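Fold and geometry: a report
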Amino acid sequence: AEERFAANNTLSKAQHELAIGSLPGGNTRTLLHTSPFPLCMKQGKGAYVWDLDGHKYLDLVGELSAGLLGHTHPQVQATIRRTLEETGVSLGATTQHEQALAAELCARFRLARVRMTNSGTEANLHALAAARHVTGRRRVVVFSGAYHGAVLSFPNDHAGDAGDAAPAPAPNTVDRADFVVVPRYNDLALARRVIEAADDLAAVLVEPVQGAAGCIPGGREFLAGVREAARSKGAVFILDEVKTSRLAPHGLGAELGLGPDLVTLGKYIGGGLAFGAFGGREEVMRAYDPRVRGSLAHSGTFNNNTLAMSVGRTVLADVYTPDVCVRFNHKGDRFRERLAEVARGSRLSFTGRGSLIGLHFTEDGTEEITCREDVNRKQRTDLRDLFWFEMLEAGFWITRRGVIALILETPDEELDRFVEAVKNFLERHRDI
Ligand code: PMP
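Residues numbered from 1 in each chain as written. Predicted model: local features only at pLDDT ≥ 70, side-chain atom pairs only at ≥ 80, totals over all residues.

1. Digging into the site of the ligand
Defined as follows: Any residue whose C-beta atom, as set from the backbone, lies within 6 Å of a molecule or strand is reported as near that molecule or strand. Here a helix means four or more residues in a row that DSSP labels H or I, a strand means two or more in a row labelled E, and each is numbered from the N terminus.
Near the ligand lie 16 residues; those nearest to it are Ser119, Gly120, Thr121, Gly149 and Val242. When residues in the shell around the ligand are grouped by element, the largest group, three residues, is from helix 5 (residues 120–135).

2. Points about the confidence of the model for the protein chain
Convention followed: Along the chain, pLDDT gives the predictor's confidence residue by residue, from 0 to 100.
Considering every residue of the protein chain, the mean pLDDT works out to 94; 96% of them sit at 70 or more. Our summary of model confidence lists the complex with pTM equal to 0.96 and ipTM equal to 0.99.

3. Topic: the packing of helix 11 (residues 322–343) against helix 14 (residues 412–428)
Rule in force here: In this analysis, axes come from line fits to C-alpha atoms, helices being fitted only over the stretch in contact, and the angle between any two N-to-C directions falls in the range 0 to 180 degrees. To sort the angles, those under 35 degrees are grouped as roughly parallel, those over 145 as roughly antiparallel, those from 65 to 115 as roughly perpendicular, and the leftovers as oblique. By convention, the crossing between two helices is left-handed when the near helix turns anticlockwise from the far helix through less than a right angle, and right-handed when the turn is clockwise. The contact rule is simple: place each C-beta atom from the backbone, and if two of them lie within 7 Å, those residues are in contact. The residue classification treats Ala, Val, Leu, Ile, Met, Phe, Trp, Tyr, Cys and Pro as nonpolar and Asp, Glu, Lys and Arg as charged. All others, Gly included, are polar.
Viewed as axis vectors pointing N to C, helix 11 and helix 14 meet at an angle of 20 degrees, and their least axial separation amounts to 9 Å. Classified by the angle between their axes, helix 11 and helix 14 sit roughly parallel to one another. Relative to helix 14, helix 11 is oriented so that their crossing is right-handed. Seen from helix 11, the contacting residues are Phe335, Arg338, Leu339, Val342 and Ala343; seen from helix 14, they are Leu415, Val419, Val422, Lys423 and Leu426. Its residues assigned to classes, the contact of helix 11 with helix 14 comprises eight nonpolar, no polar and two charged.

4. Some remarks on helix 2 (residues 10–20)
The line we're drawing: Put simply, a residue is buried when 20 or more other C-beta atoms lie within 10 Å of its own C-beta and exposed when 12 or fewer do; between those, it is partly exposed, and each C-beta is set from the backbone. Our arc is simply the arc of the directions from the helix axis toward the C-beta atoms.
Residues of helix 2 that are buried: Ser12, Lys13, Gln15 and His16. One side of helix 2 carries all its buried residues, which in axial view fall inside an arc of 160 degrees. Summarising the geometry of helix 2, the exposed residues directed more than 90 degrees from the buried face are Thr10, Glu17 and Leu18. Where the residues of helix 2 are buried, they touch helix 1 (2–8) and strand 2 (48–51).

5. Side note on the nonpolar core
The cut-off we apply is this: Residues enter a nonpolar core if they are buried, belong to Ala, Val, Leu, Ile, Met, Phe, Trp, Tyr or Cys, and are joined to the set through C-beta atoms within 7 Å. Residue ranges for the domains originate in an automatic or database domain assignment.
Counting residues in each nonpolar core, the largest one holds 113 residues, and the members touching the most others are Val141, Ala203, Val204, Val236, Ile238 and Phe396. In terms of domain composition, this core takes at least three residues from each of domain 1 (2–71 + 321–428) and domain 2 (74–319). Not counting the four nearest positions on each side in its chain, isoleucine 238 is found in contact with Ala127, Ala131, Ala203, Val204, Leu205, Pro260, Asp261, Leu262 and Thr264.

6. Examining the environment of alanine 150
Considering the arrangement of structural elements, one finds alanine 150 in the loop between strand 6 (146–147) and strand 7 (153–154). Given 18 C-beta atoms within 10 Å, alanine 150 falls into the partly exposed group. The sequence separation of alanine 150 and serine 119 amounts to 31 residues, and the corresponding C-alpha distance is 9.8 Å.

7. Points about helix 10 (residues 306–319)
Rules: A helix is expected to span 1.5 Å multiplied by its residue count minus one.
A rise of 1.5 Å per residue sets the reference length of helix 10, with its 14 residues, at 20 Å; its end C-alpha atoms lie 18 Å apart and thus fit the reference within 8%. For helix 10, the buried fraction is high: 11 of the 14 residues fall into the buried class. Buried residues of helix 10: Thr306, Leu307, Ala308, Met309, Ser310, Val311, Gly312, Arg313, Thr314, Val315 and Leu316, and no others. Each element contacted by the buried residues of helix 10 is listed here: helix 3 (74–86) and helix 4 (96–109).

8. Considering unusual backbone geometry
The omega torsion of the bond from serine 35 to proline 36 falls at 5 degrees, within 30 degrees of zero and hence cis. For proline 36, the position within the fold is in the loop between helix 2 and strand 1 (41–45). Not every positive phi belongs to a glycine, and lysine 267 is a case in point at roughly 50 degrees. Along the chain, the position of lysine 267 falls in the loop between strand 13 (262–266) and strand 14 (276–280).

Written as structure tokens, this is what we have:
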């Protein structure tokens, strides 16, 4: 399959060789490196992408969830054009755009106050800084397999995602000694023990669905228990909803009745532009009020860039409205159920929630996956990679690691076609 891939994609290969001349490994976003070389995309339109060699794919990558709206959403494009013409890109001043988006974010995700950043990584770093500021403490409890951003990965043990042997540790720019890692997600008794034993605890930071670990939902009781444990230690409970805020009208935390102290946001809200935000309770967010003596500085040239601000508001108020959100995630649930149906009895199984879906090839496809350790222990990377190459050949652009983030505009018939392709793959490889 790999040889056919190389033969079918000679222009992507040539482009990769060019890129190697100025980017380490030809890459500026490690996740996008795949062995033997990554496909270079030339264009995206709606739910489709085209590569340099002219192949058309149904986009199931969905920019790892940030591409929820698809590639050329007319309302997003109109907002960008209007903002460019009427406002300009950056005024070196506060603008009405950021206030309008902030009001929308506060109402939608039930936050008292919010601040903008350029990425989800920054949102989490600033949320942690706020927690430290208000508690006067330093340490943070996180969960094994968690991904909270480029420098906040615990651990980044997703080695082999690229189809290479190279391990992928995260750069050590935060002090790892400040983080206490609970060694299993979804194990409440263990989480309680670790949180209770942690000293100098400023925050507990958790994803309600562990995304990069393989799209593994946290149980409602588990998450509520973690929140209670954090509260009884006087630590700030931070819910990383960078990926999951798309899963329910007011975010997954609200859906699960969690009511966190702080929420971090990002991805699709920027409509494809760089975006992040963090917000929550007044007492905590006051840490950033510049009128308060001794408050924290939160800087960033592009925090309030007019394009992301105006697009963010369009996305939440006009496109991804609560109704659309409910319908879309319901469609994702049905899609996953159908996939699970055709894969029953095979080594392929599915996790996830709503419009985010994790595919897992494991030794025993029937065993439940509730944490990253389950994935690591049982994963059949050989099958996963074969699946990837064959899906590409069938016209499906999908992450090598097997995460699907659905795009709003994807036609139902295309999802049918994918279910059929999965069925055919499993029939073709009955022996696996
Ligand atoms: N938190 C979670 C849960 C994420 O999935 C991501 C991105 N994959 C981030 C934070 C970081 O966001 P960004 O890539 O915008 O820095």
